[in-house]
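Listed here are the chains, written in short residue letters.
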Amino acid sequence: MALSGVRKGVKMYRKAIFPGCYYQGEGLIKDFAGIDELKDKRVFLLTTRSGLGIIEENADDWQKICHVEHALFCGECTFAEIDRICDLLKDRAVDYIGALGGGKVMDAARTVAGRLGLKFMIIPTIAATDAPCVSASVIYNDQGAVADYLVTRSPEYVLVDTGIIAKAPVRYLVSGMGDALATRFEAEECCRANRMNVCGGYNTNVALAIAGLCYDILMEHGVNAKTACENKIVTPALEHVIEANTLLSGIGFESGGLSIAHGIHDCLTNLRQTHACYHGEKVAFGVLTHLILTDKPGTLLDEVYSFCESVGLPVTLADIGITEVEDRELAEAIVSVLSNKASYIHNHCLHLTPGLIVNAMKMADAIGRRRKHAQTG
Ligand SMILES: [Zn+2]
């Protein structure tokens, strides 16, 4: 699927995009991080059921700053849902639309903001993906498959209350680490192959530096961040990893580019056995496959496998729900992605065939199994 918003035949330059302003800290949602610009403004929050409690808890404080209304998101970011929200806003005077929740409600609010020309802010309640800080939204069809990727623009404000993220189920944070784990390797591969990044330009030094920092933070603080989240406490390690999952991975992938790891993710989504896995969990297995295909040194493979094992990210096909699969099935899942010329799976300088990718996935699985066996004796 190609991203809308990049015109054919237009000369490409280096390009990087960023959210307007990023706030992060425990308790900042109570006063909307003290943002003066929100004073006396009309804010319309779109939220999920789990976000309703947060609205109830903070409504009195918010009303001292601005006028807040809210509506419940249906749960799926479809064109029908986007039309419905636009209708809701048709006769209302609104200055800001906000998304309070996870990736899908963010994508819906972002698209509505783009259509109606509204400013928008994102308030994530989980750190499961790098969706908050980007300009693109994923739109699904009624069957739950990806229907389109739309680029609008990056949010004016991203408000990450780490107290809220710390209380969310730890699996979300770990999945976010899986998504963030890919950022460095995909940006580096895009750059090496001189392929376009996701925002429609070539790579910048700042995007590569951010992608590298994202990886370093995961290696340094990933395990302790998980422990903090398991105990529902905010610590410096958790703060570092939330920033890596949200801000660094967001800028890193959009301005650095996607490559094989996300391409493998897309292949895995074609196998129904993986449907119970989160995005970042499938991406993590995609990273292992990516490292094997791009012939990375054994020491780096050891580091990445050890990291995945230490935080509980998948390292085998069984870990992502695939206990029995034939090469033919894997190859079919891969061909459907490879046949899409706009897929990120083509962002590399290798000559990849379905057979090579099947072998790399099987090798990633075999290494994961060998290591598990060695650890259990
Ligand atoms: Zn991702």
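Residues numbered from 1 in each chain as written. Predicted model: local features only at pLDDT ≥ 70, side-chain atom pairs only at ≥ 80, totals over all residues. Heavy atoms only, no water.

**Description of the coordination of the zinc ion**
Metal coordination angles in their ideal form are 109.5 degrees for the four-donor tetrahedron and 90 or 180 degrees for the six-donor octahedron.
Here's step 1: For the zinc ion, the full set of protein donor atoms is Asp-179 (OD), His-262 (NE2) and His-279 (NE2), at a range of 2.1 to 2.2 Å.
Here's step 2: In this structure His-279 comes out as partly exposed when scored by relative accessible area, which is 28%. (Donors = N, O, S within 2.8 Å, 3.2 Å for Na, K, Ca; no water. Buried < 20%, exposed > 50% of the residue type's maximum accessible area, 1.4 Å probe, protein only.)

**Structural notes on the pairing of strand S6 (residues 136-140)**
Here's step 1: For S6, the tally of buried residues reaches five of five residues, placing the bulk of the element in the interior.
Here's step 2: Burial along S6 is two-sided: the face carrying Ala-136, Val-138 and Tyr-140 and the face carrying Ser-137 and Ile-139 are both buried.
Here's step 3: Where S6 lies against strand S7 (residues 146-151), five bridges are found, and the strand directions are antiparallel. Among the inter-strand pairings, Tyr-140 is bridged to a residue of S7, identified as Val-146.
Here's step 4: Where S6 folds back onto S7 in an antiparallel hairpin, the turn is made up of five residues, including Gly-144, whose phi is positive at roughly 90 degrees. (Helix = DSSP H or I, 4+ residues; strand = E, 2+ residues; numbered from the N terminus. Pairing = 2+ DSSP bridges.)

**Re the nonpolar core**
Here's step 1: Membership of the largest hydrophobic core comes to 67 residues, with the highest contact counts inside it found for Leu-173, Val-287, Val-304 and Ile-357.
Here's step 2: If you tally residues by element for this core, the top one is helix H6 (residues 205-230), at eight residues.
Here's step 3: Beyond its immediate chain neighbours, meaning those up to four positions away, Leu-173 contacts Ala-127, Ala-225, Lys-226, Cys-229, Leu-238, Val-241, Ile-242 and Asn-245.
Here's step 4: Counting residues in hydrophobic clusters, the runner-up holds 24 residues, among them Phe-44, Phe-73, Ile-82 and Val-112. (Core = buried A, V, L, I, M, F, W, Y, C linked by side-chain atoms within 4.5 Å. Contact = heavy atoms within 4.5 Å.)

**Regarding the pairing of strand S2 (residues 42-47)**
Here's step 1: Counting buried positions along S2 yields five of six residues, so the element is predominantly enclosed.
Here's step 2: As judged from the six bridges shared by S2 and strand S3 (residues 67-72), these two strands associate in the parallel manner. Each residue of the ladder has a partner; that of Leu-46, found in S3, is Ala-71.
Here's step 3: With helix H1 (residues 49-63) bridging S2 and its parallel neighbour S3, the resulting β-α-β unit is right-handed.
Here's step 4: Summarising the sheet, S2 and strand S4 (residues 96-101) pair through five bridges and their orientation is parallel. In the strand pairing of S4, Leu-45 is matched with Gly-98. (Right-handed = clockwise from strand over helix to strand, strands pointing away.)

Function cannot be read off these values alone, since they describe shape.
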